[in-house]
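# Working through the structure, step by step
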Amino acid sequence: KAFSNLPIIYFVFASILTMSCAIFYIMDNNVAYIVSGIIGCVISVFGIKHFRTLLSLKSEIDEFARKNRMFKKEHNKVKVSVDRLSSANAELRNTQQRLRKANEKNRANLTQFRSLQDNMEQYSAESIEQLTTCVRKAKKVEAQWHEELFKHERRML
């Protein structure tokens, strides 16, 4: 804060010196040129110092803008990847739900089949051969359904 008023003070001082040089010119031409040359050099050095600060600030701003453009490109790539993964996730969830429903239906069919098989054994068929044939067929169908159930579970995993 101590140096915050420095540019104003410098400006006022330079303005007063410029007016003094005008009065000095009336008094003595040669000395006025020498003094105004020195004052001009000092003002130029002060200007160069501040101009260098502005140029370095400009380069920092350019670097920041370049990094912002790079970030925007990277952000767009990540956004596309996230959208793709989100759609794949939704598709996998739908597939998982379909497989669960199919497994539940297979389990219900298996339970009904076992119940039917128990009922057939209770009521006996007309002949033992027919009963044996029916039991073999029933067990074969049960094994196929059981295998289908495992296939669906394996696919789900």
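Residues numbered from 1 in each chain as written. Predicted model: local features only at pLDDT ≥ 70, side-chain atom pairs only at ≥ 80, totals over all residues. Heavy atoms only, no water.

### Structural notes on the overall build of the protein chain
A tally of helices and strands in the protein chain yields three helices and zero strands. Going from the N terminus to the C terminus, the protein chain shows its helices and strands as α-α-α. Across the 157 residues that make up the protein chain, the buried fraction comes to 10%. Carbon together with sulfur atoms contributes 63% to the accessible area of the protein chain, which is approximately 13600 Å² in total. (Helix = DSSP H or I, 4+ residues; strand = E, 2+ residues; numbered from the N terminus. Buried < 20%, exposed > 50% of the residue type's maximum accessible area, 1.4 Å probe, protein only. Areas by Shrake-Rupley, 256 points an atom, 1.4 Å probe, with all protein chains shown as cover.)

### A closer look at helix α1 (residues 6–27)
Along its 22 residues, α1 runs 31 Å from first to last C-alpha, staying within 8% of the 32 Å computed at 1.5 Å per residue. Along α1, the positions that sit buried rather than exposed are Tyr-10, Ala-14 and Cys-21. For α1, the arc enclosing every buried residue in end-on projection is 40 degrees, short of the 170-degree limit, so these residues lie on one face. Within α1, the exposed residues directed more than 90 degrees away from the buried face are Ile-8, Ile-9, Met-19, Ile-23, Ile-26 and Met-27. (Expected span 1.5 Å × (residues − 1). Arc of directions from axis to C-beta.)

### A look at a nonpolar patch on the surface
Taken together, Phe-51, Leu-54, Leu-55, Leu-57 and Ile-61 make up a surface patch of nonpolar side chains, about 520 Å² in accessible area. As for its position among the elements, Leu-55 is in helix α2 (residues 29–123). Assessed through its relative accessible area of 48%, Leu-55 is described here as partly exposed. (Patch = residues over 30% accessible without salt bridge, like charges linked within 9 Å, V, L, I, M, F, W, Y side chains within 5 Å. Salt bridge = Lys/Arg side-chain N within 4 Å of Asp/Glu carboxyl O.)

### A closer look at the side chain of Asn-103
Summarising the element assignment, Asn-103 is placed in helix α2. Contact partners of Asn-103, with chain neighbours within four places excluded, come to Leu-149, His-152 and Glu-153. (Contact = heavy atoms within 4.5 Å.)

### Considering the confidence of the model for the protein chain
Low pLDDT marks regions whose predicted coordinates should not be analysed in detail. Here the protein chain averages 81 in pLDDT, while 88% of its residues score no lower than 70. The secondary-structure element of the protein chain with the lowest mean pLDDT is helix α3 (residues 128–156), recorded at 76, while α2 shows the highest, at 85. (pLDDT = per-residue confidence, 0-100.)

### Quick look at the side chain of Asn-106
Relative to the helices and strands, Asn-106 is located in helix α2. Among residues more than four places away in sequence, those in contact with Asn-106 are Glu-148, Leu-149 and His-152.

### Remarks on the pattern of salt bridges
Under the definition given, this model contains four salt bridges. Two residues, Asp-62 and Lys-58, come together in a salt bridge whose shortest N-O distance is 2.7 Å. Of this pair, Asp-62 and Lys-58 both sit in helix α2, separated by four residues, roughly a single helical turn. Overall, the relative accessible area of 36% leaves Asp-62 in the partly exposed class. Here Lys-67 and Glu-63 are joined by a salt bridge, their closest N and O atoms 3.9 Å apart. Of the two residues, Lys-67 and Glu-63 are both situated in helix α2; the distance of four residues between them amounts to about one turn of the helix. Salt bridges here are not isolated pairs; linked through shared partners, they connect Glu-63, Arg-66 and Lys-67.

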